[in-house]
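# Structural features, examined
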Amino acid sequence: MAPSFDWWGKDTRRGTPVVVKMENPNWSMVELEGPSKDDFLIAGESPTGRTREKARGKNAKQLTWVLLLKAHKAAGCLTSIGSAMVDLVATVRRRVASGRTDEDDADADADNDVTGKENPTVKSRFYSCIKVFLWLSVLLLGFEVAAFFKGWHFGTPNFQLDYLWASPWGFKGAFGWIYSQWVLIRVDYLAPPLQFLTNACVILFISQSLDRLILCLGCFWIRFKKIQPVLKPGDEDLESGEKGYFPMVLVQIPMCNEKEVYQQSIAAICNLDWPKTNLLIQVLDDSDDPTTQLLIKEEVHKWQQEGANIVYRHRVIRDGYKAGNLKSAMNCSYVKDYEFVAIFDADFQPTPDFLKRTVPHFKDNEELGLVQARWSFVNRDENLLTRLQNINLAFHFEVEQQVNSVFLNFFGFNGTAGVWRIKALEDAGGWLERTTVEDMDIAVRAHLHGWKFIFLNDVECQCELPESYEAYRKQQHRWHSGPMQLFRLCLPAIIRSKISVWKKFNLIFLFFLLRKLILPFYSFTLFCIILPMTMFVPEAELPFWVVCYIPAMMSFLNILPAPKSFPFIVPYLLFENTMSVTKFNAMISGLFQLGSAYEWVVTKKSGRSSEGDLVSLVEREQKHQRGASAPGLEEMKEEFEKQEQKGSSRKKHNRIYVKELALAFLLLTASARSLLSAQGIHFYFLLFQGISFLLVGLDLVGEQIG
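Starting from 1, residues in each chain are numbered consecutively following that chain's sequence as written. Since the coordinates come from a predicted model, pLDDT governs what is reported: local features require at least 70, and pairs of side-chain atoms require 80 or more to be given and counted, while whole-chain, interface and lining totals use all residues. Side-chain metrics in this entry use all non-hydrogen atoms of the structure; hydrogen atoms and water are not considered.

## A word on helix α15 (residues 569-591)
Let me state the cut-off plainly: The secondary structure listing takes helices from DSSP runs of H or I that are at least 4 residues long and strands from runs of E that are at least 2 residues long, numbered from the N terminus. To estimate the expected span of a helix, count its residues, drop one, and scale the result by 1.5 Å. We define the bend at any residue as the angle between the axes fitted to the seven residues before and including it, ending there, and the seven starting there. Buried residues are those whose accessible area, probed at 1.4 Å on protein chains only, stays under 20% of the maximum for their type, while exposed residues exceed 50% and partly exposed ones sit between those limits.
The end-to-end C-alpha distance of α15 is 31 Å, a good match for the 33 Å that 23 residues give at a rise of 1.5 Å each. A maximum bend of about 35° is found in α15 at Ser-580. Of all 23 residues making up α15, 17 are buried, and the element is well covered by its neighbours.

Here you go:
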């Protein structure tokens, strides 16, 4: 029990020693003497006054020890920062020495599946434009530094150019004449179009920010009013004898070379709590690796022996990829016996009650075509990259999907963890292979035919986040190029459709233009091109509130659905601006139908599971070991694992991303130029944003491989 003291008189208990543990294990523990009775006696209580002097000495001694402890802690922090910097420099040296960049086609991962090759000339145009801005900024920085040391400080909008004209030839030296001409060119020719583009991007920025604010207010209203879909009570099922609503449900698991996650995914879905007579599971394997095919086929065979109603399908001709895979499965003759279809990607692990919490929403609601569940992530705290992704996706599900579901009965299908009414799929025209976002495509077409959607924020399905920047970058490219492809294809159908004018406006302006086109456009153009250029053309001004206040407010709103991520609010803001280069490039590719718009890459999985999933997986493996396996399959597994270990040590590596590095140097150059004009807010933003691009360009934000 802690000692009790009367600070204005005497102590009520005898003092006890205080033990202080040093953080450095090489230091010994130091025991400080705790307050004693004499420490709290005033001088008047002692005839000689020595007690008070003794107390002062002890307090001073304890204060000295406390200061020493604080100093040791500070020294430990400085030491850790130093060691971290040394490790960072060593990592950077290894990355640079490896010489592997994202432009090297020879280093493409053999596990990733790409639909087409892009023309190298088209692929390098975007990078060439960035390099032009970079070299121009370096040249102008040297030019401005020379003028600065000559004492030529030009303010805006008032310029004092008269004192340059001092020589008999009408100018003060050759450099002075060149600089004066450069200033006049800036004022007359460069500043007006740059200022116009700046103002246009600011208007787009404000429009998108208002949209984000309205979505957050809608989410607040939903929480305040506790609005959520309500299940209707079900009757007793005649066949199973269970009370509830148990229609015929088809479950599809599309996968392609998913050797890391196929076991846990199939196991989770086979454990769904649903009458077996009313459930059929299709494993739609598009793997082109023979060993992976055999492993998945054997896993299906094991679950068939356990009594699961599960079938294995493999396509020889893999046209259309995921959309083609789903379309082929829906053409099976037995599908006509089923009313609903649930879709789970290979890394998704639904809880046993998933169907019981989603399918009953269709009861007595003939207009309902889709029930979408929320994603949760088993590896959201794995590294900085997964933490930042969790912030983004938490806002997407908590705010965007939920608000659109409640107020519009429409949102983009997430491609997995959802249940479709098969009649709605058929009415919309079925799965089409025309874009890389087949899930959004089918959702838009179903919406145009009058079907309604429900999003269940309280029903979660576990999955994985990409842990490496390379995998995340490729995923984001597909997610941002596909909507632009779809917009070109769907625009005539949207205009001709019989839905209301408000729904047409929502689809065209809000769903496609504002959130899929304008957002990546102004993010890249405003913060990566215009802001650096205004440092070299100061006559075109970018208000400080655009650089500071609005981005801070938007980051605050984005992070609200993930309150535990508040310490990452600044890295999140910087990283989102950094990702704008990838999203802008993808948006342009999809809008103008460039080669990379048709690029399909299977997102790399690590096969992570929660602790409960691992325990259940071990139990299932023990059951399966009692059954017979295919001849030679165990030996094939061992050989396959050896090959994987060899291949991973040779192929896995972190890359250098040249576009991000070029933009990093562009922003850092512009930050140096901002020092000459003493623009504080702009300098700090450019500096930290440049460092963010530098870290991402050196692939230091995700999984560290080597």
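Here the narrative resumes, following the displayed structure.
## Details of the sheet that holds strand β9 (residues 452-463)
We apply this condition: At least two DSSP bridges between two strands are needed for those strands to be called paired. Fitted lines through C-alpha atoms serve as axes, helices being fitted only where they are in contact, and the angles separating the N-to-C directions of these axes extend from 0 to 180 degrees. Should any heavy atoms of two residues lie within 4.5 Å, those residues are counted as being in contact.
With respect to topology, seven strands assemble into an open sheet ordered β5-β4-β3-β6-β8-β7-β9, the strand pairing being mixed. The sheet is open, and its two edges are formed by β5 (310-314) and β9, each paired on a single side. Going across the sheet, the axis of each strand differs from the next one's by a mean of 20°, ignoring polarity. Bridge count between strand β3 (residues 249-255) and strand β4 (residues 279-285): seven bridges; the pairing is parallel. Of the residues in β4, the one forming a bridge with Val-249 is Leu-279. The sheet strands contacting helix α4 (residues 262-270) are β3, β4 and β5, and the helix crosses β3 at an angle near 175°. Across the sheet, helix α5 (residues 290-305) is in contact with β3, β4 and β5; its angle to β5 comes to roughly 160°.

## Observations regarding the packing of aromatic side chains
So the rule is basically this: Only rings of Phe, Tyr and Trp enter the pairing, Trp through its six-membered ring, and a pair is recorded when the two centres are within 6.5 Å. The plane angle decides the type: under 30 degrees is stacked, over 60 is edge-to-face, the rest tilted.
Inspection of the entire model under this criterion finds 34 aromatic pairs. Between Phe-205 and Tyr-522, the aromatic rings sit 4.9 Å apart at their centres with planes inclined by 35°, giving tilted as the arrangement. A residue pair is termed long-range when its members are at least 10 positions apart, and Phe-205 in helix α3 (residues 173-225) and Tyr-522 in helix α12 (residues 501-536) qualify at 317 residues. Residue Phe-205 shares its accessibility class with Tyr-522, and that shared class is buried. Ring geometry for Phe-521 against Phe-584: centres 6.2 Å apart, planes inclined by 35°, an arrangement best described as tilted. Pair noted here: Phe-521 is in helix α12 and Phe-584 is in helix α15, with a separation of 63 residues, a long-range link. Relative accessible area serves as the criterion here: at 27%, Phe-521 is assigned to the partly exposed category.

## Examining the UniProt feature "transmembrane region" (unreviewed entry) in the chain
This is how it is decided: UniProt positions are given in the numbering used here, feature names are shortened, and annotations may be inferred rather than shown by experiment.
As recorded in UniProt, the feature "transmembrane region" (unreviewed entry) lies at residues 132-152, 507-536, 656-675 and 681-701. Across residues 656-675 one finds 90% helix and 0% strand; the C-alpha atoms that close the span lie 29 Å apart. The distance from the first to the last C-alpha atom of residues 681-701 is 25 Å, and the span holds 81% helix and 0% strand.

## Some thoughts on the pattern of salt bridges
Threshold: Salt bridge, as used here, is a side-chain nitrogen of Lys or Arg placed within 4 Å of a carboxyl oxygen of Asp or Glu.
One pass over the structure, following the stated rule, counts 25 salt bridges. Across the pair Arg-515 and Asp-211 runs a salt bridge, and its minimum N-O distance is 3.0 Å. One end of the pair, Arg-515, is in helix α12; the other, Asp-211, is in helix α3, with 304 residues separating them in the sequence. The exposure classification of Arg-515 matches that of Asp-211, with both residues buried.

## Section: the pairing of strand β6 (residues 340-343)
A two-sided burial pattern is seen for β6, the buried positions comprising Phe-340 and Ala-342 on one face and Val-341 and Ile-343 on the other. Where β3 meets β6, four bridges bridge the pair, whose relative direction is parallel. The partner of Leu-250 across the bridge, within β6, is Val-341. Where β6 and strand β8 (residues 418-421) come together, four bridges link them in antiparallel fashion. Paired with Val-341 across the strands is Trp-420, a residue of β8.

## Brief notes about a nonpolar patch on the surface
Our working definition: Patch definition: residues with relative accessible area over 30% and no salt bridge; like charges joined within 9 Å; nonpolar side chains (Val, Leu, Ile, Met, Phe, Trp, Tyr) joined within 5 Å. Note on areas: Shrake-Rupley, 1.4 Å probe, and residue coverage restricted to the protein chains presented here.
Together, Ile-206, Leu-210, Leu-213, Leu-217, Phe-544, Trp-545, Tyr-549 and Ile-681 give the surface a local cluster of nonpolar side chains, amounting to about 730 Å² of exposed area. The set of elements that each furnish at least two residues to the nonpolar patch consists of α3 and α13 (544-547). Looking at the nonpolar patch element by element, the count peaks at four residues for α3. Structurally, the position occupied by Ile-206 is in helix α3. Look at Ile-206 and you get partly exposed, because its relative accessible area is 32%.

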